[in-house]
Every structure is written in structure tokens, then in C-alpha cells.
Amino acid sequence: MSFTLSGVAAVATNDDTYTEVWDGRGTDSEDCNHPEAGEPGRPIEDGWIHWVFSTKGESTGAELSLGGTGSGTYGPGEPLDAQVWHFYTPYFDLDGLDATVTLYVYGGEPGPGGGLVISDYCPGEVDDPTGTIWVEKTDGYDFLSGWEFTLYKSDGLDGWEIVVRDDNPQETNEDGELYWGNLPYGKYKIVETDDRLDNGWTNTSPGNGEQEVDLKEESIVERFTNVEKDEPGPDPQGKIEIVKVLLDREGVEITDSDVQFNATIYPEVEVDWFSVNDPWLSGDLDVGEYVVTEQVHSNYNFVSISPADGKVEVEEGKTATVTITNQMKPLPPPSNGNGRDPRDPTGTIVINKEVKNAESGDRTKEFDLTIEGPDGKVWTRTLTVEHEVRLSNLDWGKYVITESEVDGFIIPEPIEVEVLRTSQYKTVTFVNEREVPEPEPVEPDPVPEPTAPEPEPEPEPEPPLAEVPEPEPEPEPEVLTPEVPT
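Given the structure is predicted, the values throughout are model-derived calculations rather than measurements.

Along its length, the chain carries zero helices and 35 strands. Counting all 486 residues of the chain, 35% fall into the buried class. A separation threshold of at least 6 residues defines the contact pool for the chain, and within that pool the share at least 24 residues apart is 66%. Within the structure as shown, the chain displays about 31,200 Å² of accessible surface, and the carbon and sulfur contribution to it stands at 48%.

In C-alpha cells, the structure reads:
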């Protein structure tokens, strides 16, 4: 049979039992300050979950089974004579917890009510997280043992107080290491307090022999390096950072800008371009005084530089910051009636060409471009791999660049760029790829149809033999008989 309790569907598995699956109610009932906290069923240290099923109705027994993040089967708890069933279980993570209550009704059914719900719970006491601070001691080549360090903890204001424990201060072991474990998360300072610092040794990293750390993970490792004074180490060095601040014509700071500036530093230091979005940071510089001077910009007036006169002191292991402020130049009275200030910042678009599967001569192959800008303005340009196209003095707005078809090449989709006050310099690249022609199908040679064999020619009759005349007989020679005289 099926029941509906306060909108919760439940099913009796047979005539003697009734089961209901917890639908997640009561997860907002955390109450670690419950009046009965610490009593049986509600241990403060480990936490608890107090479940209630209402109402008993005609059931004479019940049990609660937990799954998911929970486990175990639990019988009813006090008060047993109430009209509802109470269950007390250990605390389990509620995210992913499953629960099923089974009532033994013996032919009856539960009474009306709200079904299975968490009445109150407490996760228990959670220990504060702790971590470990490690120290490695080296002379730049080998690890050093027997060096003393002392650990301090922030007092929450501007001061430091020593961490009171048996292993503070302590010395590095034979591997040049030491550590403080089980430290509550927070800010600490490691100080090298070895007597040898005043007797032939000096700090090189960190330069003052102190290192502040913010412990908010399981382990932090810091390395201290010292050298003997009679073995000079590398020259102490630091860095210079130049930060740009821009103001518009009304004096309001521009927080997003790629307008580029340049500066010179004496003694001679090479400076790259920098902007609001991209401050400049030097490489390692020898400690000492430097003077930073910004080059004149055509569209912005110089306002200030800090420190004064651009004089900055580079200290070992530190970065000295120079801040230069400029303001956009005011518009002059219009002289040509259109109100346009020739010094007012405008935009630039640079278009490059790249050809894949290039063949000989493709570097000078010409590609025609059409650029459509704001207010219907149109430009046409010819682009090659060797020669970029540059459009300057462009009004702010959107520009669509389209490339015309060229035989033998795959033409890319149009490119849309937007020139803004905060993004005045745009670079785009059109990438073309040579079309690879499909090979033409090769038709097989036709098979000749079989033909009847030609008849052999009949032999020509042999010509008759010429008659050879028989030779005439030669005459017999005449015999002369000599006359005999008488």
C-alpha cells in the first residue's frame, strides 16, 4: 500500500513494514549550542545528527539506515515513549548522505506528520589547519650544518614575536636543513641568528638574513645562502620597474590603455616600450643610483615622475618602482571648422600577410583588400608577404577587412577589428593557403575488340622454266689424207 506524508511519497514493502527515503529536509538545522549538547547522543567533540520521524502511528519499532557519505544502521533513541521516533547518529558529511527509515507496523500504518527530517546536528570540533616551514642552508655550492635560525610570528599588527617552543631557535642538521612543524597558518618571519654572520660570513640571499613567509599550505621551503667574506660573491643587484599612469582631458585616470611610451635611464640601460597595461621591468642591475627620463609623447603632456626628478636607488634583491604620470593634451580651437584636433589620439591598423604551402614567387604575390570603416568609409589596398599595409589616423570604431579572391589560393574569412581610445594600435594577419588541386582521374587504355585473323595469301605460281636450247653438235674435224706419189 502507498501513503503520502506531507507531500512525501512512501511505500510499505509488505504488511509488516513501512519504509521512507529521506528527501534532504533539515540540512539547515545546524545547532552546536543545543541545550543538550554534550549529553548522550550529542557528543560535542565528534559531532552528531539528531533525526526525527513523525508520527509513530501504529508502528511498534523502527530503524534508520545510512548510506552515501554515511554508514551503519541505528535503532531509536530517547524518548522512546514520544509520538515520534528519535534517532541519534554520528555526524557525516550531509553532501551525499543517504538515509532510509523502516517502521514495523504489523498491519497498521504510520500516523500523519512530516516524515523523516534532521532535527538538529553539529559537525563537531574541527582542528585549525597547520603546516611546516623548512629551511635550507647553503654557501652556493654545499649545504651547511650547524647554522642557527629563529622563527617569529606576526602579532597581527606591525610587530613580530618569537615562537615559543622547544625547537626554536634551532640549528641545521648535517644535510643543511631544519624545520618547524605543526604551525598554525599565518604570517611568520625566519631570521638567521648564527654568530658566524659577524665573523667572516655574509648573507647573499636574502641579503638581510630575514625572510617573511605566509604559511597557508602544508609546507613551505626557504633557502638561505651565505659566503665567507674572503670569497667575494656576485655583485649585489636589483631591478627597476616603470609604471605608467594616464589621465584623460578631465583628469580622470585611464585604467585600461595600450598607448606606448619610452624612456631613457642613466647610467645607460636599454628600455623597451611600456604602457598602462604593460609596465616595464628591467633585468638585474648593479645597486646604485639611476636617473629615469621619459621621452616626449606627441599626444600626452608630462605631469609628474616619482621619485622626484626620476632619481631612483636600486637596492640589493629589491625592485625600485618609478611612476610616470601623463595627461591627454587638450583640444585646440578648431581651425578648419570640423572640430578635429590633429593631436587627438587616433588609431592605426597594421595588416600582414602569410602564405602556407608557398611556392616560388608567392612572397610578391599581390592580394587586394577592402577595408570598410565607420560612417561608410572604404579603403582599398594591395598586400603582399613582403610589404605590410598600414592605415593610420583612423577614427575610433569598427573596421571590417575583406580579401578578394585570388586564383590558386584559399581566401580567409573577413576580419573585424575595433579601434578604441584604450586600444589604438591593432595588428592583424591574413593567412592564405595554396589550393592543392585534386589529381585528375587516369582512364585506362581501351581494350581492343578481338578480330578474325586475316587469311594467309595464296602463294603465287612459279614462273615456267625457260627452255634452254640444246647445243648443236660440233662438226667432226676433216681428215686429210696425203697423196702418195706414184
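Let us look at the packing of aromatic side chains. With the rule as written, the count across this model stands at nine aromatic pairs. Their ring planes at 20° and their centres at 6.0 Å tell us that Tyr91 and Tyr121 sit as a pair that is stacked. Taken as a pair, Tyr91 in the loop between strand 7 (84-89) and strand 8 (97-104) and Tyr121 in strand 9 (residues 115-122) lie far apart in primary sequence, 30 residues in all. Relative to Phe409, the ring of Phe367 has its centre 5.3 Å away and its plane inclined at 80°; by these criteria the two rings are edge-to-face. A residue pair is termed long-range when its members are at least 10 positions apart, and Phe367 in strand 29 (residues 367-372) and Phe409 in strand 33 (residues 409-410) qualify at 42 residues. With respect to class, Phe367 is no different from Phe409; both count as buried. Stacked on the ring of Trp147, the Lys or Arg Lys137 has its end atom at 4.4 Å from the ring centre. Just above the ring of Trp147 sits the side chain of Arg196; from NZ or CZ to the centre is 4.2 Å.

So, on to the sheet that holds strand 28 (residues 347-356). Reading across the sheet, the four strands line up as 31-28-35-33 and stay open at both edges, with mixed pairing between neighbours. Two strands in the sheet have a free side with no partner beyond their single neighbour: strand 31 (389-394) and strand 33. Two elements, strand 28 and strand 35 (residues 425-434), share nine bridges in a ladder whose sense is parallel. Note on strand 35: the bridge partner recorded for Ile351 is Val428.

Applying the stated criterion across every chain yields a total of 17 salt bridges. Salt-bridge contacts for Glu192 lead to Lys137; the nearest nitrogen and oxygen are separated by 2.3 Å. Of this pair, Glu192 sits in strand 15 (residues 186-192) while Lys137 sits in strand 10 (residues 130-138), and the two are 55 residues apart along the sequence. The residues Glu192 and Lys137 share a single accessibility class, namely buried.

Within the secondary structure, Glu217 sits in the loop between strand 17 (210-215) and strand 18 (219-228). Between the alpha carbons of Glu217 and Gly131 there is a distance of 6.1 Å; along the sequence they are 86 residues apart. In this view, Glu217 contacts Gly131 and Tyr185; residues no more than four positions away in its chain are not counted.

Now for the environment of Glu268. Note that Glu268 resides in the loop between strand 21 (263-266) and strand 22 (280-281). Taking the C-alpha atoms as reference points, Glu268 and Val291, 23 residues apart in sequence, are found 9.6 Å from one another.

This part is about the pairing of strand 30 (residues 378-383). Relative to strand 30, strand 29 is paired through six bridges, and the arrangement is antiparallel. Looking across to strand 30, one finds that Ile371 is bridged to Trp379.

Tallying each qualifying case throughout the model produces one disulfide. The partner cysteine of Cys32 in its disulfide is Cys122, sulfur to sulfur 2.1 Å. On the sign convention where negative means left-handed, the S-S torsion of about 100° between Cys32 and Cys122 marks this disulfide as right-handed. One end of the pair, Cys32, is in the loop between strand 3 (17-21) and strand 4 (48-54); the other, Cys122, is in strand 9, with 90 residues separating them in the sequence. Accessibility expressed as a relative area gives 30% for Cys32, which makes it partly exposed.

A few words now on the confidence of the model for the chain. Summing up the model confidence of the chain, the mean pLDDT is 83 and the portion of residues at 70 or higher is 85%. The model gives residues 1-13 a pLDDT under 50, and that stretch makes 29 contacts with residues more than four places away or in other chains. Confidence over residues 335-340 falls short of pLDDT 50; this stretch has four contacts with residues more than four positions distant or in other chains.

This next bit is on the nonpolar core. The tendency in soluble globular proteins is for nonpolar side chains to be buried as a group. Grouped together as the largest cluster of nonpolar side chains are 24 residues, with contacts concentrated most on Ile240, Ile242, Ile265, Trp280, Tyr290 and Val292. No other element matches strand 27 (residues 319-328), which puts four residues into this core. Ignoring anything within four residues of it in the chain, the contact list for Tyr290 reads Ile240, Ile265, Tyr266, Pro267, Val269, Leu285, Gly310, Lys311, Val312 and Val314.

What follows deals with the pairing of strand 11 (residues 148-154). As defined by bridge partners, strand 11 adjoins strand 13 (residues 170-171) across two bridges and the pair is classed as antiparallel. Pairing of Glu148 across the sheet is with Glu171, part of strand 13. In the sheet, strand 11 pairs with strand 15 via five bridges, with the strands oriented antiparallel. The residue of strand 15 that forms the bridge with Phe149 is Glu192. Here three bridges tie strand 11 to strand 12 (residues 160-162), and the two strands are oriented antiparallel to one another. Bridging from a neighbouring strand, Lys153 pairs with Glu161 of strand 12.

What counts, and at which threshold
- Residues numbered from 1 in each chain as written.
- Predicted model: local features only at pLDDT ≥ 70, side-chain atom pairs only at ≥ 80, totals over all residues.
- Heavy atoms only, no water.
- Helix = DSSP H or I, 4+ residues; strand = E, 2+ residues; numbered from the N terminus.
- Buried < 20%, exposed > 50% of the residue type's maximum accessible area, 1.4 Å probe, protein only.
- Contact = heavy atoms within 4.5 Å.
- Areas by Shrake-Rupley, 256 points an atom, 1.4 Å probe, with all protein chains shown as cover.
- Phe/Tyr/Trp six-rings, centres within 6.5 Å; stacked < 30°, edge-to-face > 60°.
- Lys NZ or Arg CZ within 6 Å of the ring centre and 35° of its normal.
- Pairing = 2+ DSSP bridges.
- Salt bridge = Lys/Arg side-chain N within 4 Å of Asp/Glu carboxyl O.
- Disulfide = S-S within 2.5 Å.
- pLDDT = per-residue confidence, 0-100.
- Core = buried A, V, L, I, M, F, W, Y, C linked by side-chain atoms within 4.5 Å.

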